[in-house]
Amino acid sequence: MPLFSVIIPLYNKEKHLKNTLLSVLDQTYPDFEILVVNDGSTDRSMDILHQFNDSRIVIIEQTNQGVSSARNHGIEKASGKLIAFLDADDYWFSNHLEVMAALYFDFPQAGMYCSRYKIKLAKNNLYSPNPTNIKPDFRGMVPDFFHSSLVDRVAWTSIVVIPKPVLQSVGGFTTTVSNGQDLELWIKVAVKHPVAISNTVTAHYHFEIADSLAKRNILKKKLMDFGQFAEAEKKNPSLKKFLDIYRIEYALHYHMFGDDSKMSYYLKDTDRHNIAFKTKILLLLPGFILRLLLKLKHLLKKIGINFTIYH
């Protein structure tokens, strides 16, 4: 039984898959298996995958059902104690699993483990996230996961490691959610379990190829149900503020694309004190102006100017 099961959901990533797989096979910590879950790819991804001749690679086939289903399928088949996620267009440094193994053995009481990471905003532009109240050299149990994630998230899919029993206890990824399903899972875990973080950067996240809410029409997406956290956020002000940021984000995007009834739906449960003044101004602007401002924000991000409107 390996310590790690590395789960890679695969759907049409022919341009990035080879580098992603090589980054796993190049790990200095050798005790792992790789489960590539092919979610009905129609490009050359499988041809590239079959070029690898390594007994640690397990290929799982399924018809196209979405990334959450693929990850859940991988979790079900995993034989490792710890589940490490890696998207097929991201990559790890060679020390990733070694760093995460040491974190696990030093802090076995945690329900989720996170390394540090960099975000590739453009070809030659890397951004280093700075979780709130966590110094770059800090290694250990995160005092307040949700407060620390208000601006830059502590958890991101390709740097998260979770014990398999913890994933099973929270039900894995919600397959009916098509945007933010990873975020929802981190919340479910962190509400019930402490989180440990390393002080070492071990991965790159490719923002420029991400399929995020900000890049797609929200009207076509299915979002998480905030109601499942209603009791927890009453007891945890940091969780309430964290969830309100996403309520506000969803409301703003619905307004941007003309659905003000959905905007009102998300704002009704939001504490008004958690809505920044600049966000209130944006909520009054016409949708077409917001869409233009969003495009401008992405252009600025690519040249290294990164900011949030939610604080």
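Each remark here, short or long, concerns the structure printed above.
It should be emphasised that the depicted structure is a prediction, and the values quoted were computed from it without experimental measurement.

Conventions used here
Residues numbered from 1 in each chain as written. Predicted model: local features only at pLDDT ≥ 70, side-chain atom pairs only at ≥ 80, totals over all residues. Heavy atoms only, no water. Phe/Tyr/Trp six-rings, centres within 6.5 Å; stacked < 30°, edge-to-face > 60°. Helix = DSSP H or I, 4+ residues; strand = E, 2+ residues; numbered from the N terminus. Buried < 20%, exposed > 50% of the residue type's maximum accessible area, 1.4 Å probe, protein only. Lys NZ or Arg CZ within 6 Å of the ring centre and 35° of its normal. Salt bridge = Lys/Arg side-chain N within 4 Å of Asp/Glu carboxyl O. Pairing = 2+ DSSP bridges. Axes fitted to C-alpha atoms, helices over the stretch in contact; angles between N-to-C directions. Parallel < 35°, antiparallel > 145°, perpendicular 65-115°, else oblique. Left-handed = near helix turned anticlockwise from the far one by under 90°. Contact = heavy atoms within 4.5 Å. Nonpolar A, V, L, I, M, F, W, Y, C, P; charged D, E, K, R; others polar. Expected span 1.5 Å × (residues − 1). Polar contact = N/O pair within 3.5 Å; in protein donor to acceptor, adjacent residues only side chain to side chain. Core = buried A, V, L, I, M, F, W, Y, C linked by side-chain atoms within 4.5 Å.

Visitor: Can you help me understand the packing of aromatic side chains in this one?
Guide: With the rule as written, the count across this model stands at 17 aromatic pairs. The interplanar angle of 80° and the centroid separation of 5.6 Å between the aromatic rings of Tyr250 and Tyr266 together place this pair among those described as edge-to-face. In this pair, Tyr250 is assigned in helix H9 (residues 237–256) and Tyr266 in helix H10 (residues 260–267), connecting sequence segments 16 residues apart. Across this residue pair, the class does not change: Tyr250 and Tyr266 are buried. Aromatic ring contacts, followed pair by pair, group Phe226, Tyr250, Tyr254, Tyr265 and Tyr266 into a single cluster. The cationic tip of Arg71 hangs over the ring face of Phe173; the distance from NZ or CZ to the ring centre is 5.1 Å.

Visitor: Whenever I open this one, the pattern of salt bridges confuses me. Can you help?
Guide: Proximity of charged atoms lets side chains of opposite charge pair with each other. Counted by the stated rule, this structure contains ten salt bridges. Where Asp89 meets Lys13, a salt bridge forms, and the shortest distance between an N and an O atom there is 2.8 Å. One end of the pair, Asp89, is in the loop between strand E4 (82–85) and strand E5 (91–92); the other, Lys13, is in the loop between strand E1 (4–10) and helix H1 (17–25), and 76 residues separate them in sequence. Given a relative accessible area of 25%, Lys13 falls into the partly exposed group. Close ionic contact of Glu231 with Lys234 constitutes a salt bridge, the shortest N to O distance being 3.2 Å. Pair noted here: Glu231 and Lys234 are both in helix H8 (residues 230–235), with a separation of three residues, about one helical turn. A relative accessible area of 65% places Lys234 in the exposed class. Residues joined in a network through salt bridges with shared partners are Glu233, Lys240, Asp244 and Arg247.

Visitor: Whenever I open this one, the pairing of E4 confuses me. Can you help?
Guide: As a general feature of sheets, a regular strand has side chains that alternate between the two faces. Taking every second residue as pointing to the same face, both faces of E4 are buried, with Leu82 and Ala84 on one and Ile83 and Phe85 on the other. One ladder, built from four bridges, connects E1 with E4; its direction is parallel. Its bridge partner lying in E4, Ile7 is registered against Phe85. Bridging between E4 and strand E9 (residues 160–163) involves three bridges; their strand directions are antiparallel. What sits directly across from Ala84, in E9, is Val161.

Visitor: Help me out: how do you make sense of the packing of H9 against helix H11 (residues 277–284) in this one?
Guide: Helix packing geometry: the angle between the two helix axes and the distance between the axes. Two numbers describe how H9 lies on H11: the axes approach to 9 Å, and their chain directions differ by 25°. Considering the angle they form, H9 stands roughly parallel to H11. As for how H9 packs across H11, the hand of that crossing is left-handed. Contacts from Ile248, Leu252 and His255 in H9 reach Thr279, Leu282, Leu283 and Leu284 in H11. Partitioned by chemical class, the residues of the contact of H9 with H11 number five nonpolar, two polar and no charged.

Visitor: Help me understand H9, please; the structure alone is not making it clear to me.
Guide: Residues spaced three or four apart along an α-helix point in a common direction, a consequence of the helix completing one turn every 3.6 residues. Taking 1.5 Å as the rise per residue, H9 with 20 residues should run 28 Å; its terminal C-alpha atoms sit 28 Å apart, in good agreement. The N-cap residue of H9 is Asn236: its side-chain oxygen and the backbone nitrogen of Ser238 are 3.0 Å apart. Positive phi shows up at Gly258, right after H9, with a value of about 90°.

Visitor: Looking at this model, I keep getting lost on the packing of helix H7 (residues 181–192) against H9. Mind explaining?
Guide: Where H7 contacts H9, the two axes come as close as 13 Å, and the packing angle between them is 170°. Looking at the two axes, H7 sits roughly antiparallel to H9. Each of Leu183, Ile187 and Val191 in H7 lies in contact with H9, whose residues at this interface are Leu239, Phe242, Leu243 and Tyr246.

Visitor: Is there a simple way to explain the nonpolar core in this structure?
Guide: The nonpolar side chains of a soluble globular protein tend to be buried, and buried together. Ranked by internal contacts, the top residues of the largest apolar core, which has 93 residues, are Phe4, Val6 and Met112. When residues in this core are grouped by element, the largest group, eleven residues, is from H9. Leaving out residues up to four positions away in the same chain, Met112 has contacts with Phe145, Ala155, Val160, Val161, Ile162, Trp186, Val189, Ala190, Pro194, Val195 and Ala196.

That is the geometry; function is a separate question.
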